[in-house]
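Commentary on secondary and tertiary structure
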Amino acid sequence: MDQGRQVFSVDLLERYASKNRGMITCMAAGNDVIVLGTSKGWIIRHDFGVGSSYDIDLSVGRTGEQSIHKVFVDPGGSHCIATVTGVGGAETFYTHAKWPKPRVLSRLKGLLVNSVAWNRQQITEVSTKEIILGTQDGQLFEMAVDEKDKREKYIKFLFELEELPEAFMALQMETANINSGMRYYVMAVTPTRLYSFTGIGTLESVFASYKERAVHFMELPGEIPNRQVELHFFIKQRRAVHFAWLSGTGIYHGGLNFGAQHSYPNGDENFVESKALLDYSKLSDGTEIVKPSSMALSEYHFLLLIGNKVKVVNRISEQIIEELQFDITADSASRGIIGLCSDASAGLFYAYDQNSIFQVSVIDEGRDMWKVYLDLKVFAAALANCRDPLQRDQVYLVQAEAAFADKEYLRAASFYAKINYVISFEEVTLKFISINEPEALRTFLLRKLDTLSKDDKCQITMISTWATELYLDKINRLLLEDDTAIENRNSEYHSVIQEFRAFMSDCKDVLDEATTMKLLESYGRVEELVYFANLKEQYEIVIHHYIQQGEAKKALEVLQKSSVSDELQYKFAPELIMLDAYETVEAWMASKNLNPRRLITAMMRYSSEPHAKNETHEVIKYLEFCVHSLHNEDPGIHNLLLSLYAKQEDDSALLRFLQCKFGKGRENGPEFFYDPKYALRLCLKEKRTRACVHIYSMMSMHEEAVALALQIDPELAMAEADKVEDDEDLRKKLWLMVAKHVVKQEKGAKRENIRKAIAFLKETDGLLKIEDILPFFPDFALIDDFKEAICSSLEDYNKQIEQLKEEMNDATRGADNIRNDISALTQRYAVIDREEECGVCKRKILTMTGDFRMAQGYSSSGPLAPFYVFPCGHSFHAQCLITHVTSCAHEEQAEHILDLQKQLTLLGSETRRDMNGNRSDEPITSTTTADKLRSELDDAIASECPFCGELMINEITLPFIKPEETRHSASWDLRPQTNLANQRTISLPV
């Protein structure tokens, strides 16, 4: 075999591993720890993980030659059990990796321990948990050791072979936690039998149950060299997955299924699956059968020690794939390789002779397993072990060709579709075309679509189009073969139709729209064409088809989809409303985004058709919905609704519509949205007189409204005349029109006519008098008939004259009071205390002019400076007040005040107003230019007290420090002193 393709390699690990403590007799490994037993009673522990090594003499205190019979190491490399044999019999020791001295297991004295089963799931570094020991006498014991106790916790007897007492040569144990407790699986071998035990509870209870039931076993008689019967489990992710028993007949192996609650057909101990026996005859080329002396088990191979070679046998194919050679020294050549052992934790295997240790490493042993399974036609396992797409293609090709040869064309098509490299697309399609298998070809194309990536857009489109044509061909052939296929809903025809539609739905995004529609059209598949158009959102085609079929409801269902454009609603509205007005209007009302104005054409077309007298007018229903529910303000909609109302025999709906104020409550908006002129023309044309009266009134054409109302109902005319409130003359004119009509219409006796006329006057609430309606009576009417009404009218006039006189008297008295008030106002004064101070400068108000600068624009009253006194009691010098107000007022107002003061100064030669309250003897009405300027200045600065009025409130927003005072305020800032040494500290008395 090519060395580059080797699965296992051999390396010398330690040449003189026994350290001159005798020859190696046995070996065990776990977690990179190797423990050797020698012929002189020593155990040697090599820890390759940390690079340490030490040895322990177990022959101390024993006479004669002592030899290590067996050593056992747990998978973690911490716990070790060794059995010593010699003249004094057998003795078993336990030692821990941290113990300097071993512990003899006195309970087992005299018993030769051949095998140990470790509890791989429960064992820890500090405790072995429960373990099982098998002896040469066919007995099983349970033991547990805690490292901290420095001795065994207990040793219990579990089981003994009675039917065929043989030595237990090897043991293995697995555990599983299930709902009802701990389940144990134990496998034990003797030279001829493999026993299996299982149960729930404790080990003691499990084995105790076999006193009442038979033990399940497999018997394979035969001899093995040196009677070295072995049992191995292959561990994967801390769980045994398969086993191998090196028996005298062959290697019995199989899978292990430690399910939680399995029910096994051959008894509950039978947890073995896929059992097989590798006969030793397959291991030798000649006629002589050579049996291995030792064995190791990997995931896919057996490592069999035959002589000084290790033959690697594939567990699945049972073929020898390679032989491993060892570099044995001359002094070890006599005995050769003694045995094999494995380290499940490290995934390594070891071989040893009497001095040396060899390491057998695995080099990707699963790389060719796909081909092994493929040769055995175990395709699922072959695919599971493929490493790359090319390997998977080879597996699929073998499957496809096998199915094709068996004429299972559909199955072959599925496998061919999965191949990407080893056979071309064209070869496969030609295969099926050559044998005229369109079904298989279609299956291949469909499966091929599933394997293509989204980037292969061109190929996907072509394959999908080809599959579409094959579907259409299949559908037409089914129709030709069976005339009843359409009626039979369970026929193959309908199932293919459903499959084809599902295909189009899946491939709608990759099928070319134009090509696919041409194909469907050429094959006459209208239903499928509509279905595909629906998938491609070509809703115009779908709706047109439904309308042609008279299926308005289906067309409307398509239109109501959110992805359908509103333009299609408008386009098909005329046809749909003629086809089914009720469903169409219901659909319109359910749609929220429609513009009713664009449906006017359809509604007018529907309205132009004759309808039954009692039939609900669907257009009126929709327009009412738009107006009342949607609050539509489009004049076109309102005009159309009004026109439809006007054409109805009953005008009640029309009147209600006209009286409804749709724009009421909106600012600067109309109360109605229809065109009143159009409405008037329409109502006049349709002779809707009451509606015309309402429209005239609404257009403020009250005379026309009353005149028209008098033609049908005087009461209506009166109501219209009474609507005018803001124009008394027009209101009177309208009532006179009504009165004239009433007087001329009366046909009874003269006195009765006059009585009715007088009664009509009372209805006008005094607007009309008897003299207003007298001209409407004939000239020959006697005045005696109006005596009472005329007297009543004269009395009313007399009352009005008296009321006017009283109002004139009240006005005269009011004018006199105003004159008196004006006269008193000129004599108003205020008392100033001698000590009163100016609110601004804090000097006394009554300061002599020599001590206080005269205010510009003012004249002094004697020696005193001009000043202002406010009703609140605050007093200010005139100049101080001007200065204060201008500093607090905004810039524009301050400039105005200063300008007035400047003008007064320039007019200083004119008469000035005395600020002390003294006034000239001129009348109030006589004013000069200076008086006007002074009056404006007074209004600007003295309209209110600056301390009590709005000016003081506005000062809240002003800063404490004015902009012009910024430099002055900066001088008060505290700055750090640079020279602190010159500062003096002054102590203040407390």
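Residues numbered from 1 in each chain as written. Predicted model: local features only at pLDDT ≥ 70, side-chain atom pairs only at ≥ 80, totals over all residues. Heavy atoms only, no water.

1. Overview of the packing of aromatic side chains
In the structure shown here, the tally under the stated rule is 29 aromatic pairs. By the ring-pair criterion, three or more aromatic residues cluster together here, those being Phe 159, Phe 168, Tyr 195, Phe 197, Phe 207, Tyr 210 and Phe 217. Above the face of the Phe 404 ring, Lys 431 is positioned so that its terminal group lies 4.8 Å from the ring centre. (Phe/Tyr/Trp six-rings, centres within 6.5 Å; stacked < 30°, edge-to-face > 60°. Lys NZ or Arg CZ within 6 Å of the ring centre and 35° of its normal.)

2. Concerning the pairing of strand S28 (residues 357–362)
Of all six residues in S28, five are buried, a share of seventy percent or more. Sheet topology note: the strand S1 (residues 8–14)/S28 ladder contains six bridges and is antiparallel. Across the sheet, the residue bridging to Asp 11 is Gln 359, located in S28. Two strands pair when backbone bridges link them, and strand S27 (residues 348–352) and S28 are joined in this way by four bridges, in the antiparallel orientation. Bridging from a neighbouring strand, Tyr 350 pairs with Gln 359 of S28. Between S27 and S28, which pair antiparallel and follow one another directly, the connecting turn spans four residues. (Buried < 20%, exposed > 50% of the residue type's maximum accessible area, 1.4 Å probe, protein only. Helix = DSSP H or I, 4+ residues; strand = E, 2+ residues; numbered from the N terminus. Pairing = 2+ DSSP bridges.)

3. Details of the confidence of the model for the protein
The pLDDT averaged across the protein works out to 82; a share of 84% of its residues lies at or above 70. Between residues 260–268, whose pLDDT stays under 50, and residues either more than four places distant or in other chains, the model counts 12 contacts. Overall, residues 747–751 carries pLDDT values under 50, and its contacts beyond four positions in sequence, including any with other chains, amount to four contacts. (pLDDT = per-residue confidence, 0-100. Contact = heavy atoms within 4.5 Å.)

4. Topic: the side chain of Thr 92
By secondary structure assignment, the location of Thr 92 is in strand S8 (residues 91–96). Looking at Thr 92, the relative accessible area reads 0%, which means it is buried.

5. A word on the packing of helix H8 (residues 457–481) against helix H10 (residues 513–522)
Where H8 contacts H10, the axes come no closer than 10 Å and their chain directions differ by 10 degrees. Classified by the angle between their axes, H8 and H10 sit roughly parallel to one another. Residues Thr 465, Thr 468, Glu 469 and Leu 472 of H8 pack against Thr 515, Thr 516, Leu 519 and Leu 520 of H10. The residue inventory of the contact of H8 with H10, partitioned by class, reads three nonpolar, four polar and one charged. (Axes fitted to C-alpha atoms, helices over the stretch in contact; angles between N-to-C directions. Parallel < 35°, antiparallel > 145°, perpendicular 65-115°, else oblique. Nonpolar A, V, L, I, M, F, W, Y, C, P; charged D, E, K, R; others polar.)

6. Observations regarding the sheet that holds strand S24 (residues 309–314)
The four strands are arranged S22-S23-S24-S25 in an open sheet whose pairing can be described as antiparallel. What marks the edges here is a single partner per strand, and that holds for strand S22 (294–297) and strand S25 (320–324). Strand after strand, the sheet turns through a mean of 20 degrees between neighbouring axes, direction not considered. As paired elements, strand S23 (residues 301–306) and S24 share six bridges and run antiparallel to each other. By the bridge assignment, His 301 is partnered in S24 with Asn 314.

7. Some remarks on a nonpolar patch on the surface
Taken together, the side chains of Leu 390, Tyr 421 and Val 422 define a hydrophobic patch exposed on the protein surface, amounting to about 280 Å² of accessible area. With respect to the helices and strands, the residue Tyr 421 is situated in the loop between helix H5 (409–417) and helix H6 (425–434). (Patch = residues over 30% accessible without salt bridge, like charges linked within 9 Å, V, L, I, M, F, W, Y side chains within 5 Å. Areas by Shrake-Rupley, 256 points an atom, 1.4 Å probe, with all protein chains shown as cover. Salt bridge = Lys/Arg side-chain N within 4 Å of Asp/Glu carboxyl O.)

8. Quick word on the environment of Ala 413
You can see Ala 413 is positioned in helix H5. Judged by relative accessible area, Ala 413 falls into the buried class, the value being 0%. For the pair formed by Ala 413 and Ala 400, sequence separation is 13 residues and the distance between their alpha carbons is 7.1 Å. For Ala 413, the residues in contact, after removing those within four places along its chain, are Phe 432, Ala 440, Thr 443 and Phe 444.

9. Remarks on unusual backbone geometry
Note: most peptide bonds trans; most residues except glycine with negative phi. Here Lys 129, not a glycine, exhibits a phi torsion of approximately 55 degrees, which is positive. Within the secondary structure, Lys 129 sits in the loop between strand S10 (113–117) and strand S11 (131–135). The phi angle at Asn 436 is positive, at roughly 55 degrees, despite the residue not being glycine. In this structure, Asn 436 sits in the loop between H6 and helix H7 (438–451).

10. Details of the layout of surface pockets
Reported here for the second largest pocket is a volume of approximately 1,200 Å³. Residue lining of the second largest pocket: 50 residues in total, with Met 27, Phe 72, His 232, Leu 340 and Cys 341 positioned closest to the centre. Of all elements in the fold, only strand S2 (24–30), strand S6 (66–73), S10, strand S14 (170–178), strand S18 (230–236) and strand S26 (339–343) reach the threshold of two or more residues within the lining of the second largest pocket. Among the elements that make up the lining of the second largest pocket, the one with the highest residue count is S6 (seven residues). Grouping the constituent residues of the lining of the second largest pocket by class yields 26 nonpolar, 17 polar and seven charged. (1 Å grid on protein atoms, 1.4 Å probe; cavity = no way out; pocket = protein on both sides within 12 Å on 5 of 7 lines; lining within 4 Å. Points joined across faces, edges and corners; volume = space filled by probe spheres on them.)

11. Quick word on the side chain of Thr 584
Position of Thr 584 among the secondary structure elements: in helix H15 (residues 581–590). Look at Thr 584 and you get buried, because its relative accessible area is 0%.

12. Some remarks on the nonpolar core
Within the largest apolar cluster, 63 residues are counted, with the highest numbers of intra-cluster contacts made by Tyr 416, Phe 432, Phe 444, Phe 503 and Ile 543. Top element by residues in this core is H8. It accounts for eight residues. Residues within four places of Ile 543 in sequence aside, it is in contact with Ala 555, Val 558, Leu 559, Leu 568 and Phe 572. The next biggest cluster of nonpolar side chains, apart from the first, holds 48 residues, and it includes Val 619, Leu 655, Ala 691 and Ile 695. (Core = buried A, V, L, I, M, F, W, Y, C linked by side-chain atoms within 4.5 Å.)

13. Remarks on the environment of Asp 375
Along the chain, Asp 375 falls in helix H2 (residues 369–375). The class for Asp 375 is exposed, based on a relative accessible area of 55%.

14. Description of empty space enclosed by the protein
As enumerated under the stated definition, the model contains two cavities of 30 Å³ or more in all. Within this model, the largest cavity holds a volume of roughly 70 Å³. Forming the boundary of the largest cavity are Val 35, Ile 43, Ile 44, Arg 45, Tyr 54, Ile 56, Cys 80, Thr 95, His 96 and Ala 97. Examining the composition of the lining of the largest cavity, we find that three residues originate from one element, strand S4 (residues 42–47), more than from any other. Grouping the constituent residues of the lining of the largest cavity by class yields seven nonpolar, two polar and one charged. The space that makes up the second largest cavity amounts to roughly 30 Å³. What lines the second largest cavity is simply Trp 588, Ser 591, Lys 592, Leu 594, Tyr 622 and Leu 630.

15. With respect to a negative patch on the surface
Taken together, the side chains of Glu 891, Glu 892, Glu 895 and Asp 899 present a region of like negative charge at the surface. Looking at the element boundaries, Asp 899 is found in helix H29 (residues 891–906). Relative accessible area serves as the criterion here: at 37%, Asp 899 is assigned to the partly exposed category. (Lys, Arg positive; Asp, Glu negative; His and termini not counted. Charge placed at Lys NZ, Arg CZ, Asp CG, Glu CD.)

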